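Residue-level structure breakdown
Residues per chain, in single letters:
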Amino acid sequence: MRGGRAAGIAVLLAAASVSVSACSTGESAHRVTVTADPSGSDTPQSESPVEVSTVDHAGNRYRVVTLPVKEWDIRVEWPDADGVMLRDLLADEPDIVAATNAGIFSDDLTPGGLLISNGEELRGLNLNEGGGNFHLLPNAVFGVTEAGTAEVVESSQFDATGVTQATQSGPALLLDGEVHPEFNEGSANLAVRNGVGVSPDGATVYLAISLSLTNLWDFAGLFAQELGVEDALYLDGDISSLWVSGDAEPGPVDGPYAGVITVRER
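Quantities reported herein were computed from a predicted structural model and do not represent experimental measurements. (Residues numbered from 1 in each chain as written. Predicted model: local features only at pLDDT ≥ 70, side-chain atom pairs only at ≥ 80, totals over all residues. Heavy atoms only, no water.)

Counting buried positions over the six residues of strand E19 (residues 260-265) gives five, a clear majority of the element. The pairing of strand E6 (residues 72-77) with E19 spans six bridges and is classified as antiparallel. The residue bridging Asp-73 from the neighbouring strand is Arg-264, located in E19. In the sheet, strand E7 (residues 96-101) pairs with E19 via five bridges, with the strands oriented antiparallel. Each residue of the ladder has a partner; that of Ala-98, found in E19, is Val-263. (Buried < 20%, exposed > 50% of the residue type's maximum accessible area, 1.4 Å probe, protein only. Helix = DSSP H or I, 4+ residues; strand = E, 2+ residues; numbered from the N terminus. Pairing = 2+ DSSP bridges.)

Take the confidence of the model for the protein chain next. Overall, the predicted model of the protein chain reaches an average pLDDT of 86, with 83% of residues at or above 70. The model gives residues 3-41 a pLDDT under 50, and that stretch makes 95 contacts with residues more than four places away or in other chains. (pLDDT = per-residue confidence, 0-100. Contact = heavy atoms within 4.5 Å.)

Strand order in the open sheet formed by four strands is E6-E19-E7-E18, and the pairing between neighbours is antiparallel. Only two strands of the sheet have a single partner each, and these edge strands are E6 and strand E18 (242-244). Taking each pair of neighbouring strands and ignoring which way they run, the sheet shows an average axis angle of 15 degrees. (Axes fitted to C-alpha atoms, helices over the stretch in contact; angles between N-to-C directions.)

So, on to the nonpolar core. Residues Leu-67, Ile-74, Phe-142, Val-205, Leu-207 and Ile-261 are the most contacted members of the largest nonpolar core, which totals 44 residues. Counting residues per element, this core draws most heavily on E7, which supplies four residues. When near neighbours in sequence (up to four residues on either side) are disregarded, Leu-67 contacts Val-50, Trp-72, Ile-74, Ala-203, Thr-204, Val-205, Leu-207 and Val-263. By size, the runner-up hydrophobic cluster in this structure holds 19 residues, among which are Ile-104, Phe-134, Leu-173 and Leu-222. (Core = buried A, V, L, I, M, F, W, Y, C linked by side-chain atoms within 4.5 Å.)

As paired elements, strand E10 (residues 140-145) and strand E11 (residues 150-154) share five bridges and run antiparallel to each other. For Val-141, the partnering residue across the bridge sits in E11 and is Val-153.

Below, the discussion takes up helix H2 (residues 216-226). Those residues of H2 lying buried are Leu-216, Asp-218, Phe-219, Ala-220, Gly-221, Leu-222 and Phe-223. Two or three places before Trp-217, at the start of H2, stands the capping residue Asn-215, its side-chain oxygen 3.2 Å from that residue's backbone nitrogen. A positive phi of about 70 degrees marks Gly-228, the residue just after H2. (Polar contact = N/O pair within 3.5 Å; in protein donor to acceptor, adjacent residues only side chain to side chain.)

Once that is clear, we can look at the pattern of salt bridges. In total, this model carries six salt bridges according to the counting rule given. Residues Arg-61 and Asp-56 are paired through a salt bridge, measuring 2.7 Å at the closest nitrogen-oxygen approach. The exposure class assigned to Arg-61 is partly exposed, which follows from its relative accessible area of 32%. You can call Asp-56 partly exposed: its relative accessible area is 46%. (Salt bridge = Lys/Arg side-chain N within 4 Å of Asp/Glu carboxyl O.)

The next subject is the sheet that holds strand E9 (residues 120-123). On the basis of which strands lie adjacent, the open sheet formed by five strands has the order E9-E8-E12-E10-E11 and antiparallel pairing. Each edge of the sheet is formed by a strand with only one pairing partner; in this case those strands are E9 and E11. Neighbouring strand axes in the sheet, compared pairwise and without regard to direction, differ in orientation by 25 degrees on average.

Looking at where Glu-93 falls in the secondary structure, it is placed in the loop between helix H1 (86-92) and E7. Glu-93 gets classed as buried once you look at its relative accessible area, which sits at 18%. If near-sequence neighbours (up to four positions away) are discounted, Glu-93 is found in contact with Glu-77 and Arg-264.

Per the stated rule, a full pass over the model turns up two aromatic pairs. Here Tyr-62 and Phe-219 contribute two aromatic rings whose centre-to-centre distance is 5.9 Å and whose plane-to-plane angle is 20 degrees, an arrangement assigned as stacked. In this pair, Tyr-62 is assigned in strand E5 (residues 60-68) and Phe-219 in helix H2, connecting sequence segments 157 residues apart. With relative accessibility at 0%, the residue Tyr-62 sits in the buried group. For the ring pair Phe-219 and Phe-223, a centre distance of 5.4 Å and an interplane angle of 70 degrees mean the geometry is edge-to-face. Linking Phe-219 with Phe-223, this pair stays in helix H2, spanning four residues, or about one helical turn. Here Phe-219 and Phe-223 have matching classes, each one buried. (Phe/Tyr/Trp six-rings, centres within 6.5 Å; stacked < 30°, edge-to-face > 60°.)

Written out as structure tokens, the structure reads:
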């Protein structure tokens with residue numbers, strides 16, 4: 001959810017998708033679709049080159065894409081200042097094999113914080129205080145380096161040296177193995193959520209989305225307990241989608257996004 005606040009949630013299970021009402025930092029509502037099978041299956045319609053799995057954790061199911069950084073070209077893209085529809089991006093760049101929205105953005109379709117794409121800083125680091133999930137400190141930056149490693153770093157500690165791709169969002173789910181101090185076990189703050197985590201050695205990136213409504217405590221637990229991740233970042237809420245090659249084409253409400261994490265074969 002843009003800005004971290006939902007105007008309302010209406011879950012409609014039909015044709016393997018979940019339609020949810022979400023809002024931006026400006027509190028304007030949008031109807032969106034999250035690609036998810038109500039049965040919890042994440043099997044693409046045809047074989048995908050990326051590793052896709054369904055992971056059960058704390059009573060919820062999650063779709064997880066596992067990406068060894070040396071094997072996959074992971075980018076952060078913001079191709080259109082007016083926002084990009086996921087299906088349009090895939091039509092323009094047919095070599096993309098996986099994609100997910102890259103973080104919280106404002107209702108003017110600008111990223112909430114830092115965005116680096118192919119070595120170019122398109123938006124600066126945002127260390128301001130404020131409301132909403134983005135500003136639920138600590139927040140963090142997900143980055144990919146020219147050395148072929150990835151990282152999730154607390155925003156005030158981020159160093160752009162050698163970073164070729166990056167997106168800032170918030171809150172941080174995990175930093176150095178510690179769950180965000182504001183998360184509460186058993187919280188009733190439930191939503192579809194997507195995020196990104198990095199293995200302790202920086203060699204593997206995990207993209208994940210919930211296939212049911214979940215809270216931030218359990219979402220952080222997915223990365224820590226099931227994936228062995230020590231550093232992970234919340235990307236966004238009910239507007240989120242995670243597409244992989246073999247899925248149906250994204251729908252007319254998968255977007256617009258101010259940034260997208262994309263994956264290609266090297």
